[in-house]
Every structure is written in C-alpha cells, then in structure tokens.
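Next come the chains, spelled out residue by residue.
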Amino acid sequence: MAMMERLVVTVIVAVQLLHGVAVIATPKTVDLIKSVKLNGLKDEEILEALSLNKTENSDNYTLAELIDHLGNHTAANQQPAQQDRVWIINSTETLHTNTFYENFAEEIDRESGNLLELIPAYLPGTGPVSAECRRDSNIFKRELNKLSLWALKMFDATAKIPSGLLNGNVNQFGDFDECVGVQGSEGIQGQYCLAYLKLDMDDSRPDLKHLHRLLHSHYAFNSNLTDPGHRVPRFSTVNWAVCTPASCSPQDVEVSLRHAIAKHTAQTGLKISVRVDSEMCQRRRKDSYPMEMIVASCFFMGVIALAVVASVYDHYELSASELLLSFSLKRNFNKLISLERGEGDIASLHGVRALNALMLIVAHKSMAMFFNPYINRTEMAEYLGKPWTVIGRAASLYTDPFIMLSGLLTTYSFVGRLNRTGALDIKREYLSRILRLVPTLGALIIFCTFVMPFMGSGPQWNLVVTHHADICKKTWWRNFLFVHNYFGFENMCLTHTHHLGIDTQLFAASPLIVFLLWKRPKIGTVVLTVLAVLSTMLRYKVTYDRQLNNYVFFGTSIKQLFDTANHSYILPTHRLTVYIIGVLTGYLLRTFPKDYKLNPIFVNVGWLVSTLMFVAAFVGPAPMGSINYIYNPIHGAVYNAFSPIGWCILFSWVAFLSHTGNSNGILSRIFAWRGFLICTRLSYAIYLTQFPVFFYNVGMKRGAEYYGFIGTLLNVKELTWILISSVILTLLFETPFQNIKNHLLRKPKMPVATEPTGNEKSKSE
C-alpha cells in the first residue's frame, strides 16, 4: 500500500513538473517526494493545481505563469516557517540554470529522470547534425536534467502525443510563444520549427488500415510532403512542433527528428517521412523593420493624410483641384451608401453579384479552414463527407457568373456606343479599365508584400503570409500586366486574383467580338456559338484526359487541384463559354426595348429550362462530396463542361426578363433590391481582401480548436474584418481613382450601365 501511495504521488509531481511546477526543498538534504507529504497536499489542492491547465489553448498558462501562480498560492497558505521550502519566482531576471541543483543534485536527478522516462524529451543533437547544434543540444539536455527553467520551457513548448489521435487530433503546434521566448545558458535562444510528417503503412500490416484512416480523417484531401502548401493545405500531412536551440539548422532538425522517430517506429508497421523547411523554423524577430516596409507604410499613411486633407477641403467647401477632391472621404462615402441608380442601370445584376460573392466567401473560407488544426478533425471530415457540402465544394461554379457579367456589361456598354457613334475608342476603353483596376490591385499587392508580413507571427505565419510575400516580390509585374494566370497557380502572387487576368484578356478581345456581333448579328451569333461549343468541348477533353476535376470532391489530391487550376480553371479559353453567354445576353438587352412583351408560354418554358439547368448544375455533382466517393473522370469532365452553363443561364434569363419588363416575380424583386447597390460597390474590394484576412488568421492560429460548422465557417469577427478592410480599400483607392478616371477622360453622360452603381465588367468574385 505504501508503494502504491508513493507511486501515485510520484506521478502527480511528475505531471506538475511537466506543466511547470517546481518544488524545491529546504536547505537541508531531504527526499523530494517525502517533502510533499500526503497530509499537506489535500485532494482538493491536487485537483485545483491540475485543473489550472485549461482545455482552451488561448487561455493556457505559460510555464512561467503557472510556476509563479502556484508558488505564490502555496506560500500564501503556509505558515511562515514553511515558506522557505517553496520556489517563488518574482524577479524578471532570467535564470540560466537551477541554482538549487548544487545542493539537491541527487533528488533533482531522480525526479527529472522519472519525468523524462515518462515523457522522453526531443534532443535535436541526435544523429549526424552540426557541431554547434550538438553542443547546444548537450547543454539543453544537461540543464533539463537539472530542471532549469529555460530548459523546461523548451521541453514544454515541444509538441507531445495528445489524446484524440483517432479523432484527427494529430496536428500539434506546441507553444509557439513560449519557445521563441526562451533565453538559455551560453547564449542559447529558442527556435520554433514546425515539421511535416507523412505517415504511411507497411503493406504487411493490413490491421492498421482502419487506424490509419481515422488518423488521417478519412483522407478528405490527399497530399504529399512535396506539394505546395501556401495556398492549398497539405491535409494528410501531420504538423508537429519542436522547440530547439537556434543554432540547429532546419536540416539538423530534420535529421535528428528522423533519427528519433526511427527508434520508436521500428517494427511497428508505420513508415514516417520527415521534412523541415527553412521557412518553418522561426526565432523571435529582433531586427529593425526593413526600409521597404517603412516606405510602404509611409505610402499608406500619405494616402490617408491626402484623404483627410481632401475631406477637410470638401467639407468646408474650400477651393481645391478636382483631383484632390477625388480623395474626399465624405464624398466617396456618400457615393458608397447612395441608393440612387445610375442611368441605364440593370437592376437585377446587383443581386446576382451579391449572391455569388457570398457563396464564394463561404467556399473560400471552407478551403482556408482546412489549414487549421482541430481536436475533432475526423469528426469534421465525417460531417463534411456528405452530398450537401456542395455549397462549399463548388467554388469554381460561383466565379462563372462574374465572367458572364463581364461579357454582358461590356457588350451592353459597347453596343450603346456603337449605336450612337458607329465606332469604339479602343484606347480609351483600355485606359479606363487600367485606371479602374490597377490602383486598388497595386495597393493590395504593396500591403501584402511589404507590410502584412510584419503584422503578426505564428506557427504557420511564414507558410501562408511570408512565403506568399516572397512570391509577390518576384512576380508582382505579372499581375500588373494581367498575365499572371499563365504562370501556374503555385507561383502566382495573390492567387485569388487570377480572374482579373482572365477577365482582362477576354475584355481585350471583346471590341472585335462585339463589333462583329453589332455589324453582322447573324454571322456574329454563329461565330460566338461555335466558339462557345469549342470551349465546352475543350473543357471536357482536357478534364478527362488529364484526370482533373473542378469540383473539390471528397478525397481529391492537392496535385489534382493544382493541375485542374493550371490546365483549365485559370485559362480564358476554358472560361470563354460563360463569357459568350454574357455577350449574347448584353446584346439582347440592348436590342430589345424595355417594354417588349414575350409570349407567356415562351416565358414559362424559359423558366422551366433555366431552372432545371440551374438545379442540375448545383445538385448534380453532390454525390462527389460523399465520403465513399471514388473518382471517375467522366463525372469530372461532365461537371467542368456543362455546370458553368447551367449555373449562369438562370441569371442570364432573370436579367433579360427583368430588364425587358417580362418578370416582376419575387426572384426578380429580390435581385433588384436597392441595398445590393452597396454590395456591388464593395464587391471588388471584398474579392481582393477576403484571402488576406483568412490567411492572417490561419497564420496567427496557435493551437487546435473544436470544429463546429456554424461557428467555424461563419466567423463573425472574420467577416467583420473583411467588410472593414473592403470599405477602407474602396474609400482610399477604388472610388478616388474612379473619380480621377472620370475627370481625366471627361466622358459625357451616356445611357449605359454606370460605374458608380458597380455594374462594372466583372471586377470581383
């Protein structure tokens, strides 16, 4: 019984030591276990001490805080004669070694041995590593055996095997801030490394197959260590944090981890591959901000100052240049919230844009959330492995209406000019587009490249923020030339802006297309129809031949997603079909008068056909979201070829009926709601800012959380920041340069879809 009692207390003390509780005895030699005494450590006190480590990661005590709290709590409840037996840290001075070790070496050695036997420490000096890494690793090992605080912090910050592994709780971020804050003996500094582990089964152990599936959350996404991970998550790769001395290079960490893992996985049926990227090893940033960041920050502060000065001049009606007043916050905010429709406005298009923009935010968030660790990731995969998740899986579907709207509004505008003047000023149109799109895009590139990397930190910060900024430093010029969609999704600055490239390239060809349709309507219609059919056939053939799928089906691979993007999704030749649907719709809206009445039978048949096509496009691919789905290239080819047509045809039909006065039903009235005017004016900025906000939060994430569908997907705080950043970007850049464009080009008023209403050529997703 006495042995059992002693064992229980030993385990309690070991657990307390693991979480930062260090008990130091009086100056005389005593047994550390006996100094605790069962009669002095009541059950309630044990439970209270252990319960201090809360389950929510954001509320966890750091090791130093826990020691300090427990030390003062214990001292406050003891007699003065007993208080000299408690280690209380109130000084901010960093202790590089345990000053009590000299007097109590035997006791501390015994207890640290018990602790490290129960939970072995990761030693970065094992294996063929550099001399500097081995030296500092030996110092860390020596000080950990002494229970020195900095070594305990480094040990504590390294990830441990958790509970809930079979529920997908495999991604362990350790304690990022505790690790990078370590200051140890002989100049040792903490370095946080997030290692990538790939768990494979030995073919000789089929009994492990089910366990492997649960660990990997049913393979919702399949990935390899070599897949790009900065924009699409390596879902089946395990993220494991280790805290090492800063003298250890990423290669040292990789070698030592591989060496340590090999000892524990021999003859287990598991084969674990290890990869440690240099960008995923981080230290506390001590350098001053680089000049490029300072210059970029001054640029934004200058724009803000300019807007404030312009607002003062505008408010007090002082004499000023129209170019200066273009930046007036007062004037631009009034334009933003105005509910007045411009001349020639196509009312229903605002609702179409708002609906697809909302759906696209949900789909993009669905992808971004897979970067985060969850304690119930397997449960999450089972929940999302159902057909109804088409809502988030059909992201490509929600982008097609913006391509269609671009063709529609471009044609509507060009045909109006051709009807009045018989010609198009192509240079003027191209310049107008550049002035409308480039300043806002440029501001975001500058911010994401030079400012955002210094706004935070976290386990995945370098992956999703800093690495992306490095890409932009090299490839930004492609975005300004609108050719970035031809260089591969993985090498693209602001990957979500690929639609600007597609849309601009289609816009560049639109004067010829529209002129042919206006001059020779029958020939133009035939040519456009043939082009649309060829584009549809091209999507089908490429998708089938290359085994692609625009639908994010359950079990898709990261390589397949990138291949789909690079060989189909981001190419204008593959998006031409819906653009032509928009061109033909825009021509019909200009050709048919607003009071033109269609045969009711024709209207009803049109509603029936367009609705069936819409439902088929949305519901048809739903089975591919099932957890038991097996990829079939025919399914992917049919979806990629025909779903864009079915999804867009309904919106085209609604726009035509509403504009010609043939429909005043509930759907038409909803889409024509004046409140959507504000959404349209913000849509370009919302499109640009949503991914930076999503990945800022991914980079800042410190640990695993519980997945709940509504709470995780519809993050109110995140949506609020998207809205705020969109308003700021619109008021400081988009609207001012719209004003400057209108002033410089001095365009006369024409009955076309006006720019202030936001009915512009597919500026956003």
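Summary of the structure given here.

Rules used throughout
- Residues numbered from 1 in each chain as written.
- Predicted model: local features only at pLDDT ≥ 70, side-chain atom pairs only at ≥ 80, totals over all residues.
- Heavy atoms only, no water.
- Helix = DSSP H or I, 4+ residues; strand = E, 2+ residues; numbered from the N terminus.
- Areas by Shrake-Rupley, 256 points an atom, 1.4 Å probe, with all protein chains shown as cover.
- Buried < 20%, exposed > 50% of the residue type's maximum accessible area, 1.4 Å probe, protein only.
- Pairing = 2+ DSSP bridges.
- Phe/Tyr/Trp six-rings, centres within 6.5 Å; stacked < 30°, edge-to-face > 60°.
- Lys NZ or Arg CZ within 6 Å of the ring centre and 35° of its normal.
- Disulfide = S-S within 2.5 Å.
- Salt bridge = Lys/Arg side-chain N within 4 Å of Asp/Glu carboxyl O.
- Lys, Arg positive; Asp, Glu negative; His and termini not counted.
- Contact = heavy atoms within 4.5 Å.
- Patch = residues over 30% accessible without salt bridge, like charges linked within 9 Å, V, L, I, M, F, W, Y side chains within 5 Å.
- Axes fitted to C-alpha atoms, helices over the stretch in contact; angles between N-to-C directions.
- Parallel < 35°, antiparallel > 145°, perpendicular 65-115°, else oblique.
- Left-handed = near helix turned anticlockwise from the far one by under 90°.
- Nonpolar A, V, L, I, M, F, W, Y, C, P; charged D, E, K, R; others polar.
- Arc of directions from axis to C-beta.
- Core = buried A, V, L, I, M, F, W, Y, C linked by side-chain atoms within 4.5 Å.

A few words now on the overall build of the protein. Within the protein one finds 29 helices and 6 strands. If you sum the accessible surface of the protein, you get close to 34,000 Å²; carbon and sulfur atoms cover 63% of it.

The next subject is the pairing of strand E3 (residues 238-245). With 8 of 8 residues buried, E3 is to be regarded as a mostly interior element. The pairing of strand E1 (residues 190-201) with E3 spans 8 bridges and is classified as antiparallel. Each bridged residue has a counterpart across the sheet, and for Tyr192 the counterpart in E3 is Cys243.

What follows deals with the packing of aromatic side chains. Given two aromatic rings, their pairing is described by the distance between the two centres and the angle made by the two planes. Within the structure shown, the criterion is met by 40 aromatic pairs. Summarising the aromatic geometry, the rings of Tyr289 and Phe454 are spaced 5.9 Å apart at their centres and angled 85 degrees between planes, so their arrangement reads as edge-to-face. Taken together, the residues Tyr289 in the loop between strand E5 (281-282) and helix H11 (291-315) and Phe454 in the loop between helix H18 (426-451) and helix H19 (461-480) connect sequence positions 165 residues apart. Ring geometry for Trp673 against Phe676: centres 5.1 Å apart, planes inclined by 90 degrees, an arrangement best described as edge-to-face. Owing to a relative accessible area of 53%, Trp673 belongs among the exposed residues under this scheme. Take Phe676: its relative accessible area is 19%, and that puts it in the buried class. One aromatic cluster in this structure is built from Tyr398, Phe614, Phe618, Trp647, Phe651 and Phe671. A cation sits over an aromatic face here: Arg234 above Tyr196, 4.6 Å from the ring centre. The cationic tip of Arg590 hangs over the ring face of Tyr412; the distance from NZ or CZ to the ring centre is 3.9 Å.

For the coordinates displayed, the defined rule picks out 4 disulfides. The disulfide partner of Cys133 is Cys248, and the S-S distance across this bridge is 2.0 Å. Given an S-S torsion of about 85 degrees, the disulfide between Cys133 and Cys248 has right-handed geometry. Separated by 115 residues along the polypeptide, Cys133 in helix H6 (residues 131-145) and Cys248 in the loop between E3 and helix H10 (250-265) bring together distant segments of the chain. Each member of the pair, Cys133 as well as Cys248, is classed as buried. Between the sulfur of Cys193 and that of Cys281 lies a disulfide, 2.1 Å long from S to S. One quick way to see it: the torsion about the S-S bond of Cys193 and Cys281 is about 115 degrees, and its sign makes the bridge right-handed.

Attention now goes to the pattern of salt bridges. Following the criterion strictly, the structure yields 22 salt bridges and no others. Note that Arg142 and Glu186 form a salt bridge whose closest N and O atoms lie 3.9 Å from each other. With Arg142 in helix H6 and Glu186 in the loop between helix H8 (176-180) and E1, the pair connects residues that are 44 residues apart, well separated along the chain. Residues Asp200 and Lys198 are paired through a salt bridge, measuring 3.2 Å at the closest nitrogen-oxygen approach. When salt bridges with common partners are traced through the structure, they connect Arg135, Asp136, Arg142, Glu143, Lys146 and Glu186 into a single cluster.

Take the side chain of Asp252 next. Mapped onto the elements of the fold, Asp252 is located in helix H10. Buried and without a salt bridge, Asp252 has Arg134 as its closest oppositely charged side chain, separated by 7.9 Å. When residues no more than four places from it in sequence are discounted, the contact partners of Asp252 are Pro124, Val129, Ser130, Cys133 and Ser247.

Residues Leu516, Ile523, Val526, Val527, Val530, Leu531, Val533, Leu534 and Met537 make up a contiguous nonpolar surface patch of about 730 Å² in total accessible area. Top element by residues in the nonpolar patch is helix H21 (residues 521-545). It accounts for 8 residues. Within the secondary structure, Leu531 is located in helix H21. Among the residues examined, Leu531 registers a relative accessible area of 33% and is labelled partly exposed.

Time to look at the packing of helix H20 (residues 498-519) against helix H23 (residues 576-591). Geometrically, a packed helix pair is captured by the angle between its two axes and the distance between the axes. Relative orientation of the contacting elements H20 and H23 amounts to 45 degrees, with a least axis distance of 11 Å. Comparing their axes, H23 and H20 come out oblique. Seen along the crossing, H20 lies across H23 with a hand that is right-handed. Of the residues in H23, those in contact with Asp503, Leu506, Phe507, Ser510, Ile513, Leu517 and Trp518 of H20 are Leu576, Tyr579, Val583, Leu584 and Tyr587. Here the contact of H20 with H23 is composed, by residue class, of 10 nonpolar, 1 polar and 1 charged.

Of the positions making up helix H15 (residues 377-384), those classed as buried are Arg377, Thr378, Met380, Ala381 and Leu384. With its buried residues spanning 155 degrees around the axis, H15 presents them on a single face. If you follow the buried residues of H15, they end up packed against helix H9 (209-215), helix H16 (390-393) and helix H28 (709-713).

Now for the packing of helix H14 (residues 348-368) against helix H25 (residues 633-659). Across the interface, H14 lies against H25 with an axial gap of 9 Å and an inter-helix angle of 155 degrees. When the interaxial angle is binned, H14 and H25 end up roughly antiparallel. Mapping the contact onto sequence places Ser348, Leu349, Val352, Leu355 and Asn356 in H14 and Trp647, Phe651, Val654, Ala655 and Ser658 in H25. For the contact of H14 with H25, the per-class residue count stands at 7 nonpolar, 3 polar and no charged.

Attention now goes to unusual backbone geometry. In this model, Glu186 sits at a positive phi of 55 degrees, which is unusual for a non-glycine residue. A positive phi is found at His218, a non-glycine position, where the angle reads about 65 degrees. Tracing the backbone shows His218 in the loop between H9 and strand E2 (221-222).

Let us now look at the nonpolar core. Grouped together as the largest cluster of nonpolar side chains are 92 residues, with contacts concentrated most on Trp150, Tyr192, Val253, Leu257, Leu441, Leu500 and Leu688. Top contributing element to this core by residue count: helix H27 (residues 676-700), with 11 residues. Leaving out residues up to four positions away in the same chain, Leu688 has contacts with Thr440, Leu441, Leu444, His496, Thr497, Leu500 and Leu729. Counting 58 residues, the second largest nonpolar core, distinct from the first, contains Val415, Tyr551, Ala622 and Phe671.

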